[in-house]
Every structure is written in C-alpha cells, then in structure tokens.
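# Geometric and topological summary
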Amino acid sequence: MAELPELNPVIHGKLRLALLSLLMGVEEAEFTWLREKTGSTDGNLGAQLMKLEEAGYVAVQKRFVLRKPQTLYRMTEKGRVALSEYVDALKQLLGAGIAPGF
Amino acid sequence: MGNNAKDAELTERLVLIESMIAEGRRSAEGWGWTFVLWGVAYYVAFFWAGWGHFAYAWPVTVVAAGLVTTVGLWRHGGNRPSTTLGRAIGSTWCAMGISMFILFDALGFGGHLADIRIFLAAASAMLGCANFACSVMLKWKAEFGCALTWWTATVIASFGSVNAGILAFLVAIFLCQIVFGIYAMILESRWRGHGEAANG
C-alpha cells in the first residue's frame, strides 16, 4: 500500500493557506489588501506572514508611496512549489477528484 | 476525528485555495466604469466638436477623461494587487489612447483631417483592435462582440455616407462603451459578491 503524504504544517494553517492562495493569483499584493480579503487583524496577519516569510514562501518589500509606507508581499518560487505540493498531497489524501483552478 | 470529518476539512482546504486564487485574479479587474466614462466622454467630445469646436473639443475632453480615469483608478484601486493580466489590459488601452491622441491631434493640427470619415474609420478600427486584444486575453465573447461592432463601424465609415458613418460611430459608442461598461460593472459586482461569500 502506498504511503500517504504528510501535509506541510507551515501551509496547513487556514490563514496562511488563504494568504498563499491569494498571492498565487497575483504578482504582488499590499498588506492592506491581504487584510481586507482575509478579514484578519493586523497582528495576526503580520505574524502569519512572518512565518511564511521565514519559511521562504513569501518575499516582502517595503516602500513609500506619496510619503505613506506600503508593504508589498509576493510569492516566491519556493512558495509556489510548496503550495503545489500541498495541493497534490491534499488530493492524494482525498483520493483525488477535486481539481483546483491552477 | 472521523474519516468523514477529516475529508470534509481537507475538501474545505481545497475549496479555500480555489476561491482565494480566483479572488486574487478577480481583484485586478474592475474596468467597467472606465468604459462608461469614456463612452460619455466620446459623446461629449463628438457633440462639442459638432458645434464647431473640432480643434479643441477632442483633445480637451480626452485629457479630462484621462485625468478622471487616473484619479478614479488611484482612489478605488489604490491597494489592488498587481497582475500580469491587469498590466497587459491596462497597457493595451493606454497604448491605444496615446496613439489616438497623437494621431488625431497631428492629423487635425496638420490640416489633414478634412473628411470626418477618416477620423471615424481610424478611431473605430483602433477601438476594435484594443477590444479584440482584451477579448483574447480575457477569453470574453462579449468584448469580442464589441470588437466586431467597432470594425463594422470602420467599414461603414469607409464606404458609407458621412451620416451613415456618424450614426454607426454613435451606435458603436452606445453598445460597446455604455451598454458593455454597465454589463461589465454588473458582472464585477456579482464576482465581488461571490468573493465575499467565499471568504465569509
């Protein structure tokens, strides 16, 4: 019998999974947009994004636009691979059947 | 946790991934209002020019509409994420707008725009070109229909009378800018509704 895959614990958290999925569909996104889409608090969102950054799944860039600070996040290649592997593992655990849109 | 509950949780994860990826892609969209705005601008410029102010009616209206578009996009989409598709669509319309502005101002001030049908045919062809490019990028049949409508207006302006050319141009503005813009806005609001429901 084939061994069942393990789910990546960094990605498995619901908010972190939502963040990576959101970033999968865009090139880069602002902190405020991610907060708006996930309905998360600043503190929780910042903490989860930091975990993803530490894992090398997202890259952060800080800049000033019209003197206002802006924090941009984008998914790294490592993050893309990790999310794809996570989806494959999920499908394998579920016995396949549901195909996500990418 | 039972197998059914575990499966339900894993399925929920897949649904979450799918809905969030779609949400990210959709958030780059939201151009419907610009179609309506530019449709109104074309009408304003056209009728203003018809009152004998052809030299500056178009440049002034186009610059004003361009400024309103820039401010609108900045205010309503300030924190929107950047996507390749969004940039491709934006650059297509931007390139078309700049080309039209330069071409018609150069022709007009150079004194080579004596026949209004040249203006109608060229403007319709360029609008058809931009609509076609976007319809391919978005795989959107309704926008492809707009491209065909604009190209039909080009043919009518080229072979028909002045009145027929003007009428075809005005009808194309109504269908491809006003009606299509409102349709796009309705679709965008539905998508937003679905996105909120998926997040909730």
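Just so it is clear, the model here is predicted, and its values are computed rather than measured.

## Some points on the overall build of chain B
When its secondary structure is counted, chain B shows six helices and zero strands. The N-to-C order of helical and strand elements in chain B reads α-α-α-α-α-α. When the 200 residues of chain B are sorted by exposure, 28% land in the buried category. In chain B, 69% of the contacts between residues at least 6 apart in sequence involve partners at least 24 apart.

## Quick word on the overall build of chain A
Along chain A, the regular secondary structure elements total five helices and three strands. Overall, chain A shows an N-to-C arrangement of helices and strands of α-α-β-α-α-β-β-α. Classification of the 102 residues of chain A by burial places 29% in the buried group.

## Observations regarding the interface of chain A and chain B
Taken together, the contacts link 25 residues of chain A with 22 residues of chain B. Elements with a contribution of two residues or more to the side of chain A that touches chain B: α2 (14-24), β1 (29-30), α3 (31-38) and α5 (77-93) of chain A. Ranked by residues supplied to the side of chain A that touches chain B, first place goes to α2 of chain A with seven residues. By residue class, the composition of the side of chain A that touches chain B is 15 nonpolar, five polar and five charged.

## So, helix α4 (residues 116-138) of chain B
What sets the pattern is the α-helix's 3.6 residues per turn: residues three or four places apart point alike. End to end, α4 of chain B covers 33 Å across 23 residues, agreeing with the expected 33 Å (1.5 Å per residue, within 8%). Within the sequence span of α4 of chain B, burial applies to Phe119, Leu120, Ala121, Ala123, Ser124, Leu127, Gly128, Ala130, Asn131 and Cys134 of chain B.

## Side note on the pairing of strand β3 (residues 68-75) of chain A
Residue and element names in this part refer to chain A. Summarising the sheet, β1 and β3 pair through two bridges and their orientation is antiparallel. Directly across from Glu30, in β3, lies its bridge partner Leu72. Two elements, strand β2 (residues 58-65) and β3, share eight bridges in a ladder whose sense is antiparallel. Bridging from a neighbouring strand, Gln61 pairs with Leu72 of β3. Joining the antiparallel neighbours β2 and β3 is a turn of two residues, in which Leu66 adopts a positive phi near 50 degrees.

## Focus: the packing of α2 of chain A against α3 of chain A
Relative placement of two packed helices is described by the angle separating their axes and the distance separating the axes. All names here are of chain A. With their axes 11 Å apart at the nearest point, α2 and α3 run at an angle of 120 degrees to one another. It follows that α2 is oblique to α3 by the angle criterion. Viewed along their axes, α2 and α3 form a crossing whose handedness is right-handed. The segment α2 lies against α3, with Leu15, Ala18, Leu19 and Leu22 engaging Leu34, Lys37 and Thr38. Among the residues making up the contact of α2 with α3, the classes are represented as five nonpolar, one polar and one charged.

## Topic: the confidence of the model for chain B
Counting all residues, the mean pLDDT for chain B is 86, and 88% of those residues have values of 70 or more. Within chain B, the lowest mean pLDDT, 79, falls on helix α1 (residues 3-27) of chain B, and the highest, 96, falls on helix α5 (residues 141-159) of chain B.

## Some words on the confidence of the model for chain A
With 89% of its residues at a pLDDT of at least 70, chain A reaches an overall mean of 86. Across residues 97-102 of chain A the pLDDT falls below 50, and counting only partners more than four positions away or on other chains, this stretch makes twelve contacts in the model.

## With respect to α5 of chain B
Its 19 residues give α5 of chain B an end-to-end C-alpha distance of 27 Å, which sits within 8% of 27 Å, the value for a rise of 1.5 Å per residue. Three or more residues of α5 of chain B are buried, namely Glu143, Cys146, Ala147, Thr149, Trp150, Ala153, Thr154, Ile156 and Ala157 of chain B.

## Considering the packing of α4 of chain B against α5 of chain B
Residue and element names in this part refer to chain B. At their nearest, the axes of α4 and α5 sit 7 Å apart, and the two run at 160 degrees to each other. Taken together, the axes of α4 and α5 are roughly antiparallel relative to one another. In the crossing of α4 with α5, the sense of the turn from one axis to the other is left-handed. Residues Arg117, Leu120, Ala121, Ser124, Ala125, Leu127, Gly128, Asn131, Phe132, Cys134, Ser135 and Leu138 of α4 pack against Glu143, Phe144, Cys146, Ala147, Trp150, Trp151, Ala153, Thr154, Ala157 and Ser158 of α5.

Calculation notes
- Residues numbered from 1 in each chain as written.
- Chains lettered and ligands numbered in written order.
- Predicted model: local features only at pLDDT ≥ 70, side-chain atom pairs only at ≥ 80, totals over all residues.
- Helix = DSSP H or I, 4+ residues; strand = E, 2+ residues; numbered from the N terminus.
- Buried ≥ 20, exposed ≤ 12 C-beta atoms within 10 Å, placed from the backbone.
- Contact = placed C-beta atoms within 7 Å.
- Nonpolar A, V, L, I, M, F, W, Y, C, P; charged D, E, K, R; others polar.
- Expected span 1.5 Å × (residues − 1).
- Pairing = 2+ DSSP bridges.
- Axes fitted to C-alpha atoms, helices over the stretch in contact; angles between N-to-C directions.
- Parallel < 35°, antiparallel > 145°, perpendicular 65-115°, else oblique.
- Left-handed = near helix turned anticlockwise from the far one by under 90°.
- pLDDT = per-residue confidence, 0-100.

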